Amino acid sequence: MKNKHKQLGRERFQRKIDTDLSKRIYILIVAGGEKTEVNYLRDMKIDLELSSTIVKIESSSRDPLSILKKAIELRNKKYDFRIPYDHTWIVFDKDDFTSFDQTINRANSENIRCAWSNECFELWYLLHYDYVNTTTPRGDFAEKITENIGKPYRKNSTEMYELLKPHYRNAVKNAVRLRLDLKNHDKTPSQQNPCTTVDKLTEFLYCLSRK
């Protein structure tokens with residue numbers, strides 16, 4: 001009888017765990033590069049206190065198609081090898097990659113959402129301060145960000161989220177404005193420079209938080 005009660009207790013406990021897990025939202029984010037995007041998104045995740053959400057952030061190579069393939073592989077493995085992801089995102093830059101448009105098209109067919117930047121993620125940083133609608137050489141981004149944050153910008157910095165946070169709404173407004181300005185132009189994403197959809201991911205995370 002004692003063993004039977006123990007077994008019933010374990011079963012009730014397992015049911016409670018399963019119920020708690022079913023109430024959570026599981027999100028997979030695979031970002032290109034090792035630190036720049038990952039550091040920013042991890043700090044946002046912490047700040048937003050996504051208590052009912054499990055956000056797994058992984059880094060990958062910078063090549064867009066490789067990032068997508070890794071996302072598909074991880075999504076198929078599921079969270080902790082048993083819970084399916086509710087949403088999967090990939091974060092990547094145009095840079096000089098030729099697989100940019102192909103990646104976006106394939107991601108759409110795989111029901112994976114894209115937070116892309118043309119030409120690079122640092123465009124998202126600049127949009128916190130200014131509406132940037134002319135092509136900026138990659139080498140100029142660090143200087144322009146430095147001017148705005150008042151200190152030398154270092155790629156892979158761990159403080160960018162906190163520095164940019166007070167200007168977040170301005171960045172969203174500018175990113176949306178960029179896309180609206182390009183809406184009537186028959187251009188593929190690789191031809192839309194400058195442009196970004198990073199705000200779609202960050203707004204998605206904000207919607208899931210209680211802030």
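Structure first, text after, so check above.
In short, a report on the structure. (Residues numbered from 1 in each chain as written. Predicted model: local features only at pLDDT ≥ 70, side-chain atom pairs only at ≥ 80, totals over all residues. Heavy atoms only, no water.)

**Looking at the packing of helix 2 (residues 36-48) against helix 9 (residues 198-208)**
- Relative orientation of the contacting elements helix 2 and helix 9 amounts to 20°, with a least axis distance of 10 Å. With respect to each other, helix 2 and helix 9 are oriented roughly parallel. Once helix 2 is placed against helix 9, the crossing between them reads as right-handed. Between helix 2 and helix 9, the contacting residues are Tyr40, Leu41, Met44 and Leu48 on the first element and Leu201, Thr202, Leu205 and Tyr206 on the second. (Axes fitted to C-alpha atoms, helices over the stretch in contact; angles between N-to-C directions. Helix = DSSP H or I, 4+ residues; strand = E, 2+ residues; numbered from the N terminus. Parallel < 35°, antiparallel > 145°, perpendicular 65-115°, else oblique. Left-handed = near helix turned anticlockwise from the far one by under 90°. Contact = heavy atoms within 4.5 Å.)

**Quick word on the environment of Trp116**
- Following the sequence through the fold, Trp116 ends up in strand 4 (residues 113-118).
- With relative accessibility at 7%, the residue Trp116 sits in the buried group.
- With 73 residues separating them along the chain, Trp116 and Pro189 place their C-alpha atoms 8.9 Å apart.
- In contact with Trp116, not counting residues within four places along its chain, are Phe92, Phe100, Ile104, Pro189, Gln192, Cys195, Thr196, Thr197 and Val198. (Buried < 20%, exposed > 50% of the residue type's maximum accessible area, 1.4 Å probe, protein only.)

**Some words on the sheet that holds strand 1 (residues 25-32)**
- Strand order in the open sheet formed by five strands is 2-1-3-4-5, with mixed pairing between adjacent strands. The outermost strands of the open sheet, each flanked by one partner alone, are strand 2 (53-60) and strand 5 (195-196).
- In the sheet, strand 3 (residues 87-93) pairs with strand 4 via five bridges, with the strands oriented parallel. Counted as the bridge partner of Trp89 is Arg113 from strand 4.
- Packed on one face of the sheet, helix 3 (residues 64-77) meets strand 1, strand 2 and strand 3 and runs near 160° to strand 3.
- Most of the contacts of helix 9 go to strand 1, to which it runs at about 155°, and overall it touches strand 1, strand 2, strand 3, strand 4 and strand 5. (Pairing = 2+ DSSP bridges.)

**Notes on helix 6 (residues 138-149)**
- In a regular helix each residue adds 1.5 Å, so twelve residues correspond to 16 Å; helix 6 covers 18 Å between its end C-alpha atoms and thus fits that length.
- What helix 6 keeps buried is the set Phe141, Ile145 and Ile149. Looking down the long axis of helix 6, one finds its buried residues gathered within 45° of arc, a one-sided arrangement. Residues of helix 6 that are exposed and point over 90 degrees away from its buried face: Gly139, Glu143 and Glu147.
- On the buried face of helix 6, the contacting elements are helix 5 (122-126) and helix 7 (160-164). (Expected span 1.5 Å × (residues − 1). Arc of directions from axis to C-beta.)

**So, the side chain of Thr197**
- Looking at where Thr197 falls in the secondary structure, it is placed in the loop between strand 5 and helix 9.
- A polar contact of 3.1 Å, which involves the side chain of Thr197, links it to the backbone oxygen of Cys114.
- Not counting the four nearest positions on each side in its chain, Thr197 is found in contact with Cys114, Ala115, Trp116 and Arg179. (Polar contact = N/O pair within 3.5 Å; in protein donor to acceptor, adjacent residues only side chain to side chain.)

**Details of the packing of helix 3 against helix 4 (residues 100-109)**
- Helix 4 packs onto helix 3 with a crossing angle of 20° between their chain directions and a minimal axis gap of 8 Å. Here helix 4 runs roughly parallel to helix 3, going by the angle between their axes. Judged by the twist between their axes, the crossing of helix 3 over helix 4 is left-handed. Contacts from Pro64, Leu65, Leu68, Lys69 and Ile72 in helix 3 reach Gln102, Thr103, Arg106 and Ala107 in helix 4.
- Classifying every residue of the contact of helix 3 with helix 4 by side-chain character gives five nonpolar, two polar and two charged. (Nonpolar A, V, L, I, M, F, W, Y, C, P; charged D, E, K, R; others polar.)

**Quick look at the packing of aromatic side chains**
- Going through the model one piece at a time under the given rule, you end up with twelve aromatic pairs.
- Ring geometry for Tyr40 versus Phe121: centroids 5.8 Å apart, planes at 70°, classification edge-to-face. Placement of Tyr40 in helix 2 and of Phe121 in the loop between strand 4 and helix 5 is noted, with a sequence separation of 81 residues between them. Each of the two residues, Tyr40 as well as Phe121, counts as buried.
- Taking 6.2 Å as the distance between ring centres and 90° as the angle between the ring planes, the aromatic pair formed by Tyr79 and Tyr85 counts as edge-to-face.
- The class for Tyr79 is partly exposed, based on a relative accessible area of 27%.
- A connected cluster of aromatic rings, assembled from ring pairs, spans Tyr40, Phe121, Tyr125, Tyr153 and Tyr161.
- Sitting over the face of the ring of Tyr206, Arg169 holds its NZ or CZ atom 5.6 Å from the ring centroid.
- The positively charged end of Arg177 is found above the aromatic ring belonging to Tyr131, 3.7 Å away from the centroid. (Phe/Tyr/Trp six-rings, centres within 6.5 Å; stacked < 30°, edge-to-face > 60°. Lys NZ or Arg CZ within 6 Å of the ring centre and 35° of its normal.)

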